[in-house]
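These are the residues of each chain, in order.
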Amino acid sequence: MADGVTTFSGNRGLAIEEPLIFEMNAPGRVAIDLPEPGPVDADRLAGLRRATPIGLPDLSEPQVVRHYTRLSQKNYGIDTGFYPLGSCTMKHNPRLSEKMARLTGLADLHPFQPQATVQGALEVIDQLAWWLKQLTGMPAVAMSPAAGAHGEWCGLMAIRAYHEDHGEGHRRRVLVPESAHGTNPASAAMCGFTVDPVPADDQGRVDVAALKAKLGPDVACIMVTNPNTCGLFERDIIDIAAATHAAGAFFYCDGANFNAIVGRVKIADLGIDTMHINLHKTFSTPHGGGGPGAGPTVLSEKLAPYAPLPFVVHGAGGLHLVEHAAEVPESKPFGRVKGYHGQFGVFVRALAYIQSMGADGLRQASTDAVLNANYLLAELKDVLSPSFDGPCMHECLFDDRFLKDTGVTTLDFAKMLIDEGFHPMTMYFPLVVHGALLMEPTETESKETLDGFIAVIRALADKAKAGAAEEFKAAPRLTPRRRLDETLAARTPVLRWKPGANS
Ligand SMILES: *Cc1c(COP(=O)(O)O)cnc(C)c1O
């Protein structure tokens with residue numbers, strides 16, 4: 001070990017080396033004792049009867065419990081410590097929202113239940129939709145997309161359906177700023193559009209002149225993130241929207257950064273036609289492990305008729321989930337984006353969060369998120385290199401100029417942070433600045449936490465400038481695993497255990 005400590009066991013203090021559960025197999029050991037099964041009627045299995053052993057490991061119950069408990073402890077998450085990933089909004093999730101989502105009356109519903117028995121659940125969807133429309137000022141919302149990227153795709157499909165319906169199916173080009181999240185061009189491509197990148201100006205915002213020059217009769221829409229992925233509000237957004245509409249195109253807004261402006265900006269006032277909301281970034285729901293999330297997508301008057309099935313309407317006999325276009329004559333749904341009605345558990349968390357915060361609380365949260373990011377920016381700008389002048393929104397962006405001639409890279413810097421007990425910030429994104437370090441503290445962090453983080457970053461920046469490249473290159477030194485070959489791991493992942501492989 002680089003810190004000079006070796007152990008006989010290979011464990012590091014109480015951080016225990018964990019084998020795969022298959023490697024712990026002790027044939028014949030059991031956790032439960034079931035009676036021998038009677039003779040099996042082979043015919044009932046329609047030829048699918050297993051001919052070989054099932055291949056599961058034999059273990060005692062305490063072994064299983066310890067294995068999975070230890071694995072869970074290897075997760076670093078928002079409940080463990082500060083998680084300043086930019087472009088992700090990793091914020092604390094109130095336990096109240098979690099408790100609501102676990103109420104049996106909500107958690108044990110089945111999507112095939114008759115609608116008369118799930119009126120309360122439909123009310124949850126309907127009330128949440130009301131709040132999302134209220135907070136954005138938009139007239140309609142498609143609730144079923146399962147994530148932000150899925151919402152992008154949903155909004156783009158509505159745009160495509162509108163154009164096709166109006167004899168404008170040739171509009172297939174989509175303008176996407178270079179600073180966009182990778183999901184934007186990916187969603188556009190999934191819709192069959194071609195992606196035309198728009199450069200950023202030297203202040204990290206959309207180059208409006210370049211965007212206007214690219215508008216034309218074949219443009220279906222633009223996709224602009226606001227606040228953008230450099231953590232900046234797009235000041236020319238109204239001008240951008242007007243030029244886009246004048247060219248007959250729609251304005252798709254990536255609303256993943258809604259957390260920064262809830263209660264302060266009405267989306268409808270900006271000329272936006274459709275925008276997804278990452279419920280898992282703005283309105284509670286743990287999402288560090290990659291899901292589940294939800295991406296309800298608000299729609300303008302023009303796009304609303306093309307919203308996907310199913311959707312909730314107020315009928316004579318109560319709330320009604322519309323499953324077929326024929327039920328609502330004025331609707332022209334482009335199809336469905338998901339089985340059933342969307343991510344119900346995430347809806348429950350979002351509604352619980354919104355109702356417990358109240359309108360004033362939501363506004364306070366976005367205000368504090370921006371304040372915290374500007375606090376980091378103000379306290380770090382003399383030792384790091386801010387990419388752009390002036391204040392930021394919910395996240396602050398630095399590039400690697402402060403590391404010039406030190407031999408230390410953004411990656412090395414981030415790895416040193418792990419030894420100090422902090423999850424690294426987002427690195428090398430957005431691509432429009434060199435060696436990016438993107439930090440998003442969110443509103444839920446205390447001043448003490450931010451001060452601790454600031455002190456460490458300042459000390460590391462000084463250390464890098466003092467010529468400690470070797471030490472940075474060796475980081476992390478205090479973790480059970482050292483620097484991994486991430487390229488090799490991504491290119492040649494070993495995802496399958498084979499008997500005898502490790503023994
Ligand atoms: C997170 C994010 C997305 C994608 O959202 P998912 O829910 O992860 O699919 C899109 N755009 C931006 C700017 C984001 O931060």
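Residues numbered from 1 in each chain as written. Predicted model: local features only at pLDDT ≥ 70, side-chain atom pairs only at ≥ 80, totals over all residues. Heavy atoms only, no water.

### Observations regarding the site of the ligand
Move 1: With respect to spatial proximity, 14 residues lie near the ligand, and among them Gly148, Ala149, Asp254, His280 and Lys281 are the closest.
Move 2: A distance of 2.9 Å is found between an oxygen atom of the ligand and a backbone nitrogen or oxygen belonging to serine 87.
Move 3: Contact distances for the ligand include 2.7 Å between an oxygen atom and a side-chain N or O atom of histidine 280.
Move 4: Here the ligand loses 87% of its free accessible area of 380 Å² to cover by the protein chains.
Move 5: Among the elements of the structure, helix H5 (148–165) and helix H9 (279–282) are those that each provide at least two residues to the shell around the ligand.
Move 6: Among the elements that line the shell around the ligand, the one with the most residues is H5, at 3 residues.
Move 7: Residues belonging to the shell around the ligand are distributed by class as follows: 3 nonpolar, 8 polar and 3 charged. (Near = heavy atom within 4 Å. Polar contact = N/O pair within 3.5 Å; in protein donor to acceptor, adjacent residues only side chain to side chain. Areas by Shrake-Rupley, 256 points an atom, 1.4 Å probe, with all protein chains shown as cover. Helix = DSSP H or I, 4+ residues; strand = E, 2+ residues; numbered from the N terminus. Nonpolar A, V, L, I, M, F, W, Y, C, P; charged D, E, K, R; others polar.)

### Points about the side chain of serine 187
Move 1: With respect to the element layout, serine 187 can be found in helix H6 (residues 183–190).
Move 2: Reaching out from serine 187, the side chain makes a polar contact with the side chain of glutamate 152 at a distance of 2.7 Å.
Move 3: Beyond its immediate stretch of four places on either side in the chain, serine 187 contacts Ala149, Glu152, Trp153 and Leu156. (Contact = heavy atoms within 4.5 Å.)

### Let's talk about the domain arrangement of the protein chain
By a widely used convention, the size of an interface equals the accessible area lost when the partners come together.
Move 1: One can read the domain layout of the protein chain as domain 1 (1–35 + 55–75), domain 2 (96–353) and domain 3 (362–491).
Move 2: Between domain 2 and domain 3, the C-alpha centre-to-centre distance is 31 Å.
Move 3: Facing 26 residues of domain 2, the contacting portion of domain 3 comprises 20 residues.
Move 4: Roughly 1800 Å² is buried in total at the junction of domain 2 and domain 3, and carbon and sulfur atoms are behind 60% of that figure.
Move 5: Three residues, Cys230, Asn259 and Arg264, lead the burial of domain 2 against domain 3; their summed loss comes to 26% of the area buried on that side.
Move 6: Applying the counting rule to domain 2 against domain 3 returns 0 salt bridges.
Move 7: Across the contact surface, domain 2 and domain 3 share 6 residue pairs in polar contact (both at pLDDT 80 or more).
Move 8: Partitioning the side of domain 2 that touches domain 3 into residue classes produces 13 nonpolar, 10 polar and 3 charged. (Domains from an automatic or database assignment. Buried area = accessible area lost by both parts, 1.4 Å probe. Salt bridge = Lys/Arg side-chain N within 4 Å of Asp/Glu carboxyl O.)

### Some thoughts on the pattern of salt bridges
Move 1: Counted by the stated rule, this structure contains 24 salt bridges.
Move 2: Aspartate 79 serves as the salt-bridge partner of arginine 95, at 2.6 Å between the closest nitrogen and oxygen. One end of the pair, arginine 95, is in helix H2 (residues 95–102); the other, aspartate 79, is in the loop between helix H1 (61–73) and H2, and 16 residues separate them in sequence.
Move 3: Between arginine 171 and glutamate 168 there is a salt bridge; the shortest N-O distance is 2.7 Å.

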